[in-house]
Amino acid sequence: MKIVMLGAPGAGKGTQAMMISEKYGLPHISTGDIFRANIKNGTELGMKAKAFMDEGRLVPDELTVELLLDRVKEEDCRNGYVLDGFPRTIPQADVLTEALAKSGDKVDYAINIDVPDENIVRRMSGRRACLNCGATYHIEHIPPKKEGICDVCGKELVQRDDDRPETVLKRLGVYHEQTQPLIDYYEKAGVLRNVDGTRSLEEVFSDIVKLLED
Ligand code: AP5
Ligand code: MG
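What counts, and where the lines are drawn
Residues numbered from 1 in each chain as written. Chains lettered and ligands numbered in written order. Predicted model: local features only at pLDDT ≥ 70, side-chain atom pairs only at ≥ 80, totals over all residues. Heavy atoms only, no water. Near = heavy atom within 4 Å. Polar contact = N/O pair within 3.5 Å; in protein donor to acceptor, adjacent residues only side chain to side chain. Areas by Shrake-Rupley, 256 points an atom, 1.4 Å probe, with all protein chains shown as cover. Helix = DSSP H or I, 4+ residues; strand = E, 2+ residues; numbered from the N terminus. Buried < 20%, exposed > 50% of the residue type's maximum accessible area, 1.4 Å probe, protein only. Pairing = 2+ DSSP bridges.

As for the site of ligand 1
Reasoning step 1: Residues in close proximity to ligand 1 total 35 residues, the closest being T15, R57, R88, R127 and R171.
Reasoning step 2: Note that an oxygen atom of ligand 1 is positioned 2.5 Å from one of the backbone N or O atoms of R57.
Reasoning step 3: Within the backbone of R199, an N or O atom sits 2.7 Å from a nitrogen atom of ligand 1.
Reasoning step 4: Computed on the free molecule, ligand 1 has an accessible area of 1,000 Å², of which 96% lies beneath the protein chains in the complex.
Reasoning step 5: The set of elements that each furnish at least two residues to the shell around ligand 1 consists of α1 (13-24), α2 (31-40), α6 (117-125) and β6 (136-138).
Reasoning step 6: If you tally residues by element for the shell around ligand 1, the top one is α2, at 4 residues.

Remarks on the pairing of strand β1 (residues 2-6)
Reasoning step 1: By the criterion of burial, β1 is predominantly enclosed, with 5 of the 5 residues buried.
Reasoning step 2: Alternating positions in β1 separate into two faces, K2, V4 and L6 on one and I3 and M5 on the other, with burial throughout.
Reasoning step 3: Alignment of β1 against strand β3 (residues 81-84), held across 4 bridges, turns out to be parallel. In the strand pairing of β3, I3 is matched with V82.
Reasoning step 4: Summarising the sheet, β1 and strand β4 (residues 109-114) pair through 4 bridges and their orientation is parallel.

Next comes the structure, spelled out in structure tokens:
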């Protein structure tokens, strides 16, 4: 099962991708998490990516595409994966489609989590993230058991550098311009599934499970 998560920044792609990954035993691959891990470890890729991310812009395709193609060639991806944050542009989607077509394969589901812009900024200001394992919380909606500490791995939770309100607005603009066209792209490919992302995370997840098992 090869799944692509679509949706605006803060729609809940990471939250749902993690739940899908656990339920179906598929690796959760987030290009944002990979970049943040590189930033934390001070790698050259991390330093390059940080400049774009802090401004709410997309990291250039040269730094993103090879990284993703290498990752999905790894052994744990042979039964499928959940992509979160990739593709984000039509050229990225084309690269993925072509790479899969070489082995007679394709994306099985593109799950679009629909959340209006008004809800997004509020969600982002309360988000807390674990840079160690990728788990995501919200101080009101989805709090960790112990304040500031990740339930999954026990490491400290942080507020992401790109979650300042002005950067969130910039990211939303970039989303509408460059990423939203992927909804049409996957609709034409016959694999698009829409879910209403404004409800509780359990309700959103139950919709996703239904459509995957239909
Ligand atoms: P990335 O890390 O992918 O960020 P994003 O797409 O902006 O999405 P987010 O992670 O902010 O949101 P999400 O949809 O995962 O929501 P979450 O589950 O956390 O990318 C960051 C940057 O990296 C980009 O701006 C770009 O620069 C670069 N980048 C990454 N990939 C790239 C690519 N392919 N090409 C180029 N550049 C790339 O949920 C949000 C909050 O809401 C959380 O607090 C959560 O707890 C809460 N929440 C979730 N679901 C619910 C619910 N149902 N009800 C209430 N609260 C909820
Ligand atoms: Mg995310």
